[in-house]
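# Fold and contact review
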Amino acid sequence: MKSLFHTFPRTPLLVALLVVLPAITARAQDPRIQLTHLDHLATRASETVDLNFDERLILAAAKIFNDKDEDEAQIKKLITGLKGVYVKSFEFENDGQYTAADVEAIRAQLRGPGWTRLVNVTSKKEGTVEVYLLMNGDQIGGLAVLAAEDRELTVVNIVGPVDLERLAKLEGQFGVPDLGIEAPKTKKNDDK
Amino acid sequence: MSRHHFKQVAVVLLIFSFASVVQARGDDFNSVVKMIEQFYGVKHEGVPFLARAGMKAGRTAARIKGGTARQIAEAGSIKLAVFEDQDFNGEFLKFRSTLNAALSETWLPFVQVLGANEQNYIFTRENNDKYNVLFISIEEREATVIQVTLSPKNFARLLKDPEGTGKAIAEEATINDQE
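Residues numbered from 1 in each chain as written. Chains lettered and ligands numbered in written order. Predicted model: local features only at pLDDT ≥ 70, side-chain atom pairs only at ≥ 80, totals over all residues.

### Side note on the overall build of chain A
Here is the rule: Numbering of helices and strands starts at the N terminus; helices are DSSP runs of H or I of at least 4 residues and strands are runs of E of at least 2. Each residue is classified by how many other C-beta atoms fall within 10 Å of its C-beta atom, where C-beta atoms are placed from the backbone; a count of 20 or more means buried, 12 or fewer means exposed, and values in between mean partly exposed.
Along chain A, the regular secondary structure elements total six helices and six strands. Mapped in sequence order, the helices and strands of chain A form the string α-α-β-α-α-β-α-β-β-β-β-α. Per-residue burial over chain A gives 30% buried out of 192 residues.

### Notes on the overall build of chain B
Rules: Note on contacts: each residue gets a C-beta atom placed from the backbone, and two residues are in contact if those atoms are within 7 Å.
Each helix and strand counted, chain B has seven helices and five strands in total. Put simply, chain B runs from its N terminus to its C terminus through helices and strands in the order α-α-α-α-β-α-β-β-β-β-α-α. Within chain B, buried positions represent 36% of all 179 residues. Within chain B, contacts between residues separated by at least 24 positions form 57% of all contacts whose residues are at least 6 apart in sequence.

### Concerning helix 7 (residues 162-174) of chain B
All names here are of chain B. Applicable threshold: What a helix should span is 1.5 Å times the count of its residues minus one. The directions considered for the arc run from the helix axis to the C-beta atoms.
Across its 13 residues, helix 7 extends 18 Å between first and last C-alpha, which sits within 8% of the 18 Å expected from 1.5 Å per residue. Buried within helix 7 are the following residues: Pro 162, Thr 165, Gly 166, Ile 169, Ala 173 and Thr 174. Buried residues of helix 7, viewed axially, fall in a sector of 155 degrees; they line one side. Every exposed residue of helix 7 that faces more than 90 degrees away from the buried side is listed here: Gly 164 and Glu 171.

### Some words on the pairing of strand 2 (residues 84-91) of chain A
If a strand is regular, its side chains alternate between the two faces of the sheet. Residues and elements named next belong to chain A. Applicable threshold: When DSSP finds two or more bridges between two strands, those strands count as paired.
Bridge analysis of strand 1 (residues 47-54) against strand 2 gives eight bridges, and the strand direction is antiparallel. Note on strand 2: the bridge partner recorded for Phe 53 is Val 85. Alignment of strand 2 against strand 6 (residues 152-159), held across eight bridges, turns out to be antiparallel. From the neighbouring strand, Phe 90 faces strand 6, where its bridge partner is Leu 153.

### Details of the confidence of the model for chain B
Residues and elements named next belong to chain B. In plain terms, the rule: For every residue, the predictor reports its confidence as pLDDT, a number between 0 and 100.
Per-residue confidence for chain B gives a mean pLDDT of 77; residues scoring 70 or more make up 68%. Throughout residues 51-59 the model reports pLDDT below 50, and contacts reaching past four residues in sequence, or to other chains, amount to 22 contacts. For the stretch residues 61-70, pLDDT sits under 50, and the model shows 16 contacts to residues farther than four places along the chain or on other chains. Reported confidences for the modelled complex are a pTM of 0.76 and an ipTM of 0.76.

### Some thoughts on the interface of chain B and chain A
Using the following cut-off: Residues are sorted three ways: Asp, Glu, Lys and Arg are charged, Ala, Val, Leu, Ile, Met, Phe, Trp, Tyr, Cys and Pro are nonpolar, and all the rest, Gly among them, are polar.
Facing 18 residues of chain B, the contacting portion of chain A comprises 22 residues. Among the elements that take part in the side of chain B that touches chain A, strand 2 (residues 108-115) of chain B stands out by supplying eight residues, more than any other. Across the side of chain B that touches chain A, the residue classes tally to 13 nonpolar, three polar and two charged. The pairing of strand 1 of chain A with strand 2 of chain B spans five bridges and is classified as antiparallel. Bridge pairing in strand 2 of chain B places Thr 48 of chain A opposite Leu 114 of chain B.

### Notes on unusual backbone geometry
Residues and elements named next belong to chain B. Phi at Asp 85 takes a positive value of approximately 50 degrees, unusual for a residue other than glycine. Note on placement: Asp 85 falls in the loop between strand 1 (79-83) and helix 5 (92-103). Look at Asn 128: it is not a glycine, yet its phi comes out positive at around 55 degrees. The residue Asn 128 is located in the loop between strand 3 (118-127) and strand 4 (130-139) in this model. By C-beta crowding, Asn 128 is classed as exposed, having 6 other C-beta atoms within 10 Å.

### A look at the sheet that holds strand 5 (residues 139-149) of chain A
Pairing between sheet strands relies on hydrogen bonds along the backbone, with the strands arranged either parallel or antiparallel. Keep this limit in mind: Axis angles are defined between N-to-C directions and span 0 to 180 degrees, where every axis is a line fitted to C-alpha atoms and, for a helix, only to the segment in contact.
One open sheet accounts for 11 strands, arranged 3(A)-4(A)-5(A)-6(A)-2(A)-1(A)-2(B)-3(B)-4(B)-5(B)-1(B); its pairing is antiparallel. Among the strands making up the open sheet, the edge pair consists of strand 3 (115-118) of chain A together with strand 1 of chain B. Neighbour-to-neighbour, the strand axes of the sheet open up by a mean angle of 10 degrees, direction not taken into account. Sitting on the sheet, helix 7 of chain B touches strand 1, strand 2, strand 3, strand 4 and strand 5 (143-150) of chain B, and the angle it makes with strand 5 of chain B is about 105 degrees.

Have a look at this one:
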């Protein structure tokens, strides 16, 4: 092995790149946003909500929701095919409890390959609401909503084929907060 | 080892492995209660004591025996531990990560709500054709741990409205007959 590295000094680097690059790419295209870096905000928040509606719960819901019940049938249709719905939300008593770096760490993940910010989505809520879609080819692989107000920070991450119309219908269900997302628009902006 | 002995050993191993699985699943409620006791240096009160004292869990004692007043939880499925008039001072983030680590193998964390003086956790798991739900509520001076089994219909209610159904189950488990 030593002689191999001696003969081809770039081999270790090449090997490392071959190992690491696919992992980085896979992570960058992961529709699940990592939010653990926000956990420290819980000590400053007046309320922190973590909702994990993962694939096993979605499958259970799809199995037990009654098709004859209009409400349950509609929810079943909405969640079919989804791999997870995750919500992390913080409410604060005062302004300035979270930093730009906290939010930027989320945006950095959403700048990865495949993610596109929908710039013309609006919300009835105050503050900024950013909506991102993850495209796998022509298929939607996930969606993320980042809602930042002076005293509230909310991240909604839906894994699986979801569009804005579906998101709007999911608002208020399963603990997904009502973000007041307005009608979907198709125009996209790639330079975030 | 003869074939006969091998069969005997296999049967014994099978029985023990089944027993340990049942024990592991069944023990999570007690583990959580002990975890709270150790983390916060508190002691829970048994349901019979509470029932005698006419405190919160009065009706629960009857329900555990399969009382008729149940609405949501399956008959006889409620496990309850109550901590009253004790201090729950400690790093709640540390407690949450300890709790999540302890339950992550067999339970799914569904909803976790942390407030300035309150922590609420709902964990779920499938149990054959029914669902186990574990509620943990910790406030400044009291805490409650409730485990119930729900029918698919009532589990659907919980999924649709975790807050409302969670409160209803907690009330059902801890309501005081004398109130």
